[in-house]
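Observations on chain architecture
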Amino acid sequence: GESVGLHLPTLSVQEGDNSIINCAYSNSASDYFIWYKQESGKGPQFIIDIRSNMDKRQGQRVTVLLNKTVKHLSLQIAATQPGDSAVYFCAESLNQAGTALIFGKGTTLSVSS
Amino acid sequence: NAGVTQTPKFQVLKTGQSMTLQCAQDMNHNSMYWYRQDPGMGLRLIYYSASEGTTDKGEVPNGYNVSRLNKREFSLRLESAAPSQTSVYFCASRGQINQPQHFGDGTRLSIL
């Protein structure tokens, strides 16, 4: 089965709300996690990453939280905008040279005005 | 700021035809990757190249071959295309461990 998965396939929010997208991972050895945004017809675009020695990292309007105890990752988007509408993927990897990412299936975020 | 460039963007093949998908990156990255993305599924790794001169199988390598031509270029070949290989193919590259992979915009491949 999937090593990394998202709890909900879709999430609908109103413009201005805060969005929270969740992800559960199963490999305790994973030590690097990334959130990607994918718009229709485009490749995944890097949003934010976090290493396993951290439990929180903030970017511009986005925050990633990592709970290693329950193997849970979340992406928080503040003041969600219509331009945030996309599919969001979490991904995990091991700290090894050349290692590839393991992706979850994605959550589709829809933002209405 | 080209990043990762994939060609072609779209392609339609007949069953049994062969095809090479091209990928080039201009970020001087060591590692390069090929993924496929099917509807309702996340990206799945086909092959990767940890560094120039090396290639390794990923999760779904059957029916594909790859060539790491030089540090910049990593191609994916379908020797005898099958309808099950209809998908969107993404190439990615990465510089160092614990850095994000950067993706191209994909090749949309249909096999009839």
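All of the points below concern the structure found in this document. Computed from a predicted model, the values in this text were never measured in an experiment.

As a further point, take the overall build of chain B. Counting its regular elements, chain B contains zero helices and eleven strands. Shown N-terminal to C-terminal, the secondary structure of chain B runs as helices and strands in the order β-β-β-β-β-β-β-β-β-β-β. Relative to the globule expectation of 13 Å for 112 residues, the C-alpha radius of gyration of chain B, 13 Å, shows essentially globular dimensions. Counting only residues that meet the buried cut, chain B has 49% of its 112 residues in that class. In chain B, of all internal contacts separated by at least 6 residues, the share reaching a separation of at least 24 is 54%. Counting every atom, chain B has about 5200 Å² of accessible surface; 47% of that belongs to carbon and sulfur. One finds the centroid of the 11 positive side-chain charges in chain B at a distance of 3 Å from the centroid of its 8 negative side-chain charges.

Throughout the structure, instances matching the rule amount to six salt bridges over all chains. The salt bridge involving D105 of chain B is made with K42 of chain A; its shortest N-O contact spans 4.0 Å. Here K42 of chain A lies in the loop between strand 4 (32-38) and strand 5 (45-51) and D105 of chain B lies in the loop between strand 10 (102-103) and strand 11 (107-111), a pairing that spans two chains. K42 of chain A sits in the partly exposed class, given a relative accessible area of 42%. The shortest N-O distance in the salt bridge between R44 of chain B and D38 of chain B comes to 2.7 Å. No difference in accessibility class separates R44 of chain B from D38 of chain B, as the two residues are buried. Connected through salt bridges with shared partners, the residues R36, D38 and R44 of chain B form a single ionic network.

Opposite the 22 residues of chain B that make contact, chain A presents 23 residues. Both sides of the chain B and chain A interface together cover about 1800 Å² of buried area, and 54% of this is carbon and sulfur. Counting across the chain B and chain A interface gives one salt bridge. Counting across the chain B and chain A interface gives five residue pairs in polar contact (both at pLDDT 80 or more).

This brings us to the sheet that holds strand 1 (residues 4-7) of chain B. Sheet strands line up and pair through hydrogen bonds in the backbone, either parallel or antiparallel. Residues and elements named next belong to chain B. Taken in spatial order, the four strands line up as 1-3-8-7 in an open sheet, and their pairing is antiparallel. In this open sheet, the two strands that pair with only one neighbour each are strand 1 and strand 7 (64-68). Averaged over neighbouring strand pairs, the angle between their axes works out to 20° when direction is ignored.

Turning our attention to unusual backbone geometry. At the junction of T7 of chain B and P8 of chain B, the peptide bond is cis and its omega measures out at -10° in the coordinates. Positive phi, normally seen in glycine, also occurs at K71 of chain A, with a value near 55°. Mapped onto the secondary structure, K71 of chain A falls in the loop between strand 7 (62-67) and strand 8 (72-77). The phi torsion at A79 of chain A lies on the positive side, around 45°, for a residue other than glycine. Residue class for A79 of chain A comes out partly exposed when judged on its relative accessible area of 36%.

Our next topic: the environment of G53 of chain B. Following the sequence through the fold, G53 of chain B ends up in the loop between strand 5 (43-49) and strand 6 (56-57). When the C-alpha positions of G53 of chain B and L69 of chain B are compared, they lie 8.0 Å apart, and in sequence the two are 16 residues distant.

Rules behind the numbers
Residues numbered from 1 in each chain as written. Chains lettered and ligands numbered in written order. Predicted model: local features only at pLDDT ≥ 70, side-chain atom pairs only at ≥ 80, totals over all residues. Heavy atoms only, no water. Helix = DSSP H or I, 4+ residues; strand = E, 2+ residues; numbered from the N terminus. Rg over C-alpha atoms; globule rule 2.2 N^0.38 Å. Buried < 20%, exposed > 50% of the residue type's maximum accessible area, 1.4 Å probe, protein only. Contact = heavy atoms within 4.5 Å. Areas by Shrake-Rupley, 256 points an atom, 1.4 Å probe, with all protein chains shown as cover. Lys, Arg positive; Asp, Glu negative; His and termini not counted. Charge placed at Lys NZ, Arg CZ, Asp CG, Glu CD. Salt bridge = Lys/Arg side-chain N within 4 Å of Asp/Glu carboxyl O. Buried area = accessible area lost by both parts, 1.4 Å probe. Polar contact = N/O pair within 3.5 Å; in protein donor to acceptor, adjacent residues only side chain to side chain. Pairing = 2+ DSSP bridges. Axes fitted to C-alpha atoms, helices over the stretch in contact; angles between N-to-C directions.

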